[in-house]
Amino acid sequence: MLVLVDTSVWIDYFRSGNQSAELDVLIDLNVIVTNDLILAELIPFLKLKGQVKVIKLLNEIKQMPLKIDWGDIIESQWLCLKSGSNGIGIPDLIIAQNAKENGCDVFSLDKHFLMLSQILGVKLYQTQNL
């Protein structure tokens, strides 16, 4: 099992939030993956804060290539809108598409991913509540 860790979890982790222990376990199990979109959301802020070591570590995580199928993104957005979920952004749809293409679970604290799991069948990582 591979777990694509969403930006929301990383932000919580960096702030020593509720999911810190859970992410530590996944890191130790070496099952986490990332992509360029998630790194693009995280690294600018980390650079601003001078977190060079953290940036280096994030860049060492296995990265899944992003192959964006814009037709699929449009269809996914249409399905979300049709189901009444109009607040789901394109970045979340891209992350969902990337996870589905690579057979990964998504670990996110973002409520949008619960909707995406119901509408698009995105597999969510179920925390173990450590």
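Small disclaimer: the values here were computed from a predicted structure and weren't measured. (Residues numbered from 1 in each chain as written. Predicted model: local features only at pLDDT ≥ 70, side-chain atom pairs only at ≥ 80, totals over all residues. Heavy atoms only, no water.)

Q: Sorry if this is basic, but what is going on with a negative patch on the surface here?
A: A grouping of Asp 69, Asp 72, Glu 75 and Glu 101 is seen on the molecular surface, where their side chains present a negatively charged patch. With respect to the helices and strands, the residue Asp 72 is situated in helix α5 (residues 70-82). (Patch = residues over 30% accessible without salt bridge, like charges linked within 9 Å, V, L, I, M, F, W, Y side chains within 5 Å. Areas by Shrake-Rupley, 256 points an atom, 1.4 Å probe, with all protein chains shown as cover. Salt bridge = Lys/Arg side-chain N within 4 Å of Asp/Glu carboxyl O. Lys, Arg positive; Asp, Glu negative; His and termini not counted. Charge placed at Lys NZ, Arg CZ, Asp CG, Glu CD. Helix = DSSP H or I, 4+ residues; strand = E, 2+ residues; numbered from the N terminus.)

Q: What should I look at first to understand the layout of surface pockets in this one?
A: Gaps left between atoms show up when a probe the size of a water molecule is rolled over them. The computed volume of the largest pocket comes to approximately 250 Å³. Lining the largest pocket, in full, are Trp 10, Tyr 13, Phe 14, Ile 27, Asn 30, Ile 32, Val 54, Leu 57, Leu 58, Glu 60, Ile 61 and Lys 62. For the lining of the largest pocket, the secondary-structure elements that each account for two or more residues are α1 (7-14) and α4 (52-60). A per-element tally of the lining of the largest pocket places α4 first, with four residues. Broken down by class, the residue content of the lining of the largest pocket amounts to nine nonpolar, one polar and two charged. A volume near 190 Å³ is recorded for the second largest pocket. For the second largest pocket, the full set of lining residues is Val 106, Phe 107, Ser 108, Leu 109, Asp 110, Lys 111, Phe 113, Leu 114, Leu 124, Tyr 125, Gln 126 and Thr 127. (1 Å grid on protein atoms, 1.4 Å probe; cavity = no way out; pocket = protein on both sides within 12 Å on 5 of 7 lines; lining within 4 Å. Points joined across faces, edges and corners; volume = space filled by probe spheres on them. Nonpolar A, V, L, I, M, F, W, Y, C, P; charged D, E, K, R; others polar.)

Q: Looking at this model, I keep getting lost on the sheet that holds strand β3 (residues 105-107). Mind explaining?
A: Adjacent strands of a sheet pair through backbone hydrogen bonds, lying either parallel or antiparallel. Pairing within the open sheet is parallel, and its three strands lie in the order β2-β1-β3. Edge positions in the sheet fall to β2 (32-33) and β3, since each has one partner strand and no second. As paired strands, strand β1 (residues 3-5) and β3 are joined by three bridges and run parallel to one another. Bridge assignment links Leu 4 to a residue of β3, and that residue is Val 106. (Pairing = 2+ DSSP bridges.)

Q: Please explain the pattern of salt bridges as it appears in this structure.
A: Think of it this way: side chains of opposite charge can pair up when their charged atoms draw near. Counting across every chain of the model gives two salt bridges. Note that Glu 60 is salt-bridged to Lys 56, the shortest N-O span being 2.7 Å. With Glu 60 and Lys 56 both in helix α4 and four residues apart, this pair spans about one turn of that helix. The pair formed by Glu 60 and Lys 56 is uniform in burial state, with each residue classed as exposed. Between Asp 105 and Lys 123 there is a salt bridge, with the nearest N and O atoms lying 3.7 Å from each other. Here Asp 105 is found in strand β3, whereas its partner Lys 123 is found in the segment after α7 (112-120), with 18 residues between them in sequence. The exposure class of Asp 105 is buried, given its relative accessible area of 13%. Looking at Lys 123, the relative accessible area reads 46%, which means it is partly exposed. (Buried < 20%, exposed > 50% of the residue type's maximum accessible area, 1.4 Å probe, protein only.)

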